[in-house]
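Residues per chain are reported as follows:
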Amino acid sequence: MTDPQVALLMLGSFIFVILLGFPIAFTLMAMGVGFGYYAYFWPDQAFFDNRVFYLLTQNTFSVMNNDVLVAVPLFLFMGYIVERANILDRLFHSLQLAFRAIPGAMAVAALITCALFATATGIVGAVVTLMGLLAFPAMLKAGYDEKLSAGVIAAGGTLGILIPPSIMLIVYGATSAISVVKLYAAAMIPGMLLASLYMIYVVTRVVLNPSLAPKLPREAYENVSWVDVFLLLAKAFVPLAALILSVLGAILFGLATPSEAAAIGAMGGVLLAALYRALTWGRLKEAVFLTARTTAMVCWLFVGSWTFSSVFSYLGGEGLIKDFVLSMDLNTLTFLLLSQLIIFLLGWPLEWSEIIIIFVPIFLPLLPHFGVDPLFFGILIALNLQTSFLTPPMAMSAYYLKGVAPRHVQLVTIFKGCLPFLAMVFVAMTAVHMFPQLVYWLPDLLYGN
């Protein structure tokens, strides 16, 4: 076999092994070291003199020494500690009362709560699970349609991987060498656009068919004045919004690096939990443990990915794929469609972290040929990865929700509820492609061209 053929065998073996359920990070390292030993082998060399071991140790050191990745554990800690601050029920209740005059008020309040909470935590499973326990039964009890309610919770919970401060964008920035600050600025408008499309869809459906979402009973708010609503929002909405805006503002206006702002956010999360009297030693210890576990997973994914991709490129696999794509004589539009279709399909069996760290680097060398800006490409990917949580049969948001939903709610019902919101993701991706200024306007305004 030629080296490029070995590289393709390496890629095919990796996909086969992970579909069997083996851990991604250690599979990458094992494949990288195994095939790398073959790639760097010289006759008569001692076993540990093979250069693949030097490559593995150097990649490990590079990942652990990467300043950009320092923000990951800090943002994760902020998310886990905020998740335990007992703020979600107050936030949902106050927003529900504030939007009581709008059709589908509970659904709109749930979407805003999901967007805020997902932005603060960035952990899709946690947001969907908590909202599935809190808002989903309340919506069903109020007579809301099962499919609409399920779609709202499942779609709203995924917004945290797009809207800054997104950990996914930090990982993409580290992978593509793009400024995380510019990625955050570029993602703001598309993120708000997608959240707005979700709310517009809900309100439109309810206006056309009011039976989908009955109005809030008058007795639920007749003794609640607008002053009471304002005070409720001041206690639940304002502190969390202030935390998020202070972190984002510090990053976007250059007052702090993403890592420094993440440290501010982590401290703010601790203070917020203390403010709500939810800061206990047990919760703090649990947040630290979860942060360490998730951070270790991300770091070892980077180590494995960089080792795997280095060997894959050395064997000629990257050049083979590049030559194959170039031989298809694609234009910019068809290249974008093909790349996004591949990422969409990869979203079924893989998590977003694996897609960003393992497969996106295959596309990055092709971007200059097609005249695609890596910043623009990253935002399209961030939008596209929303679909990985919403597309049956591997819609993880649906499974998270099914795990906490009442028994009578069927998985197929949740899948059906996700599909209209999946269509909204495609609408947002189309709008971003047709109007690139949705991506570029804010970075250009803040930082120039």
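Look up a bit, the structure's there.
Rules used throughout
Residues numbered from 1 in each chain as written. Predicted model: local features only at pLDDT ≥ 70, side-chain atom pairs only at ≥ 80, totals over all residues. Heavy atoms only, no water. 1 Å grid on protein atoms, 1.4 Å probe; cavity = no way out; pocket = protein on both sides within 12 Å on 5 of 7 lines; lining within 4 Å. Points joined across faces, edges and corners; volume = space filled by probe spheres on them. Helix = DSSP H or I, 4+ residues; strand = E, 2+ residues; numbered from the N terminus. Nonpolar A, V, L, I, M, F, W, Y, C, P; charged D, E, K, R; others polar. Patch = residues over 30% accessible without salt bridge, like charges linked within 9 Å, V, L, I, M, F, W, Y side chains within 5 Å. Areas by Shrake-Rupley, 256 points an atom, 1.4 Å probe, with all protein chains shown as cover. Salt bridge = Lys/Arg side-chain N within 4 Å of Asp/Glu carboxyl O. Expected span 1.5 Å × (residues − 1). Buried < 20%, exposed > 50% of the residue type's maximum accessible area, 1.4 Å probe, protein only. Arc of directions from axis to C-beta. Contact = heavy atoms within 4.5 Å. Phe/Tyr/Trp six-rings, centres within 6.5 Å; stacked < 30°, edge-to-face > 60°. Axes fitted to C-alpha atoms, helices over the stretch in contact; angles between N-to-C directions. Parallel < 35°, antiparallel > 145°, perpendicular 65-115°, else oblique. Left-handed = near helix turned anticlockwise from the far one by under 90°.

(A) Looking closely at the layout of surface pockets. Approximately 890 Å³ is the volume found for the largest pocket. Lining the largest pocket are 38 residues; nearest its centre among them are M297, E351, W352, S353 and Y400. A total of eight residues in the lining of the largest pocket trace back to one element, the largest contributor, which is helix 13 (residues 281–314). Along the lines of polarity and charge, the residues of the lining of the largest pocket split into 26 nonpolar, seven polar and five charged. If you list the elements that add at least two residues to the lining of the second largest pocket, you get helix 6 (105–121), helix 10 (180–208) and helix 11 (226–252). For the lining of the second largest pocket, a count of residues per class yields 14 nonpolar, two polar and no charged.

(B) Quick peek at a nonpolar patch on the surface. The grouping of L341, L345, W348 and M394 at the surface amounts to a nonpolar patch, some 350 Å² of accessible area in total. Considering the arrangement of structural elements, one finds M394 in the loop between helix 18 (374–384) and helix 19 (396–404).

(C) Inspection of helix 15 (residues 332–346) at higher detail. End to end, helix 15 covers 21 Å across 15 residues, agreeing with the expected 21 Å (1.5 Å per residue, within 8%). For helix 15, the complete set of buried residues consists of F335, L336, S339, Q340, I343, F344 and L346. One side of helix 15 holds all its buried residues, which, seen down the axis, span an arc of 165°. At its buried positions, helix 15 is contacted by helix 14 (317–327), helix 16 (352–363), helix 17 (367–370), helix 18 and helix 20 (411–434).

(D) Focus on the packing of aromatic side chains. Scanning the model with the defined rule gives 15 aromatic pairs in all. Here the aromatic rings of Y40 and Y314 are separated by 4.6 Å at their centres, their planes lie at 35°, and the arrangement is tilted. Linking Y40 in the loop between helix 2 (24–39) and helix 3 (51–64) with Y314 in helix 13, this pair joins segments that are 274 residues apart in sequence. What makes Y40 buried here is its relative accessible area of 8%. Measuring from centroid to centroid gives 5.5 Å for F302 and W306, while their planes differ by 80°, and the two rings are edge-to-face. Note that F302 and W306 are positioned in helix 13 at a spacing of four residues, about one turn of the helix. One aromatic cluster is present, formed by F14, F308, F312 and F359 through successive ring pairs.

(E) Broad picture of helix 9 (residues 167–176). Counted residue by residue, helix 9 has ten buried out of ten residues, so it is predominantly covered. Looking at the buried side of helix 9, the elements it contacts are helix 4 (71–83), helix 10, helix 13, helix 16 and helix 18. Looking one or two residues beyond helix 9, the residue adopting positive phi is A177, at roughly 60°.

(F) Representation of the environment of L248 in the model. Positionally, L248 belongs in helix 11. Relative accessible area serves as the criterion here: at 6%, L248 is assigned to the buried category. Taking C-alpha positions, L248 is 8.3 Å from Y184, a pair spaced 64 residues apart along the chain.

(G) Focus on the packing of helix 19 against helix 20. Put simply, helix 19 and helix 20 touch, their axes get as near as 10 Å, and they point 135° apart. Comparing the axis directions of helix 19 and helix 20 gives the class oblique. Every pair of crossing elements has a handedness; the one defined by helix 19 and helix 20 is right-handed. Between helix 19 and helix 20, the residues in contact are A398, Y399, L401 and K402 and L411, I414, F415 and C418, respectively. Classifying every residue of the contact of helix 19 with helix 20 by side-chain character gives seven nonpolar, no polar and one charged.

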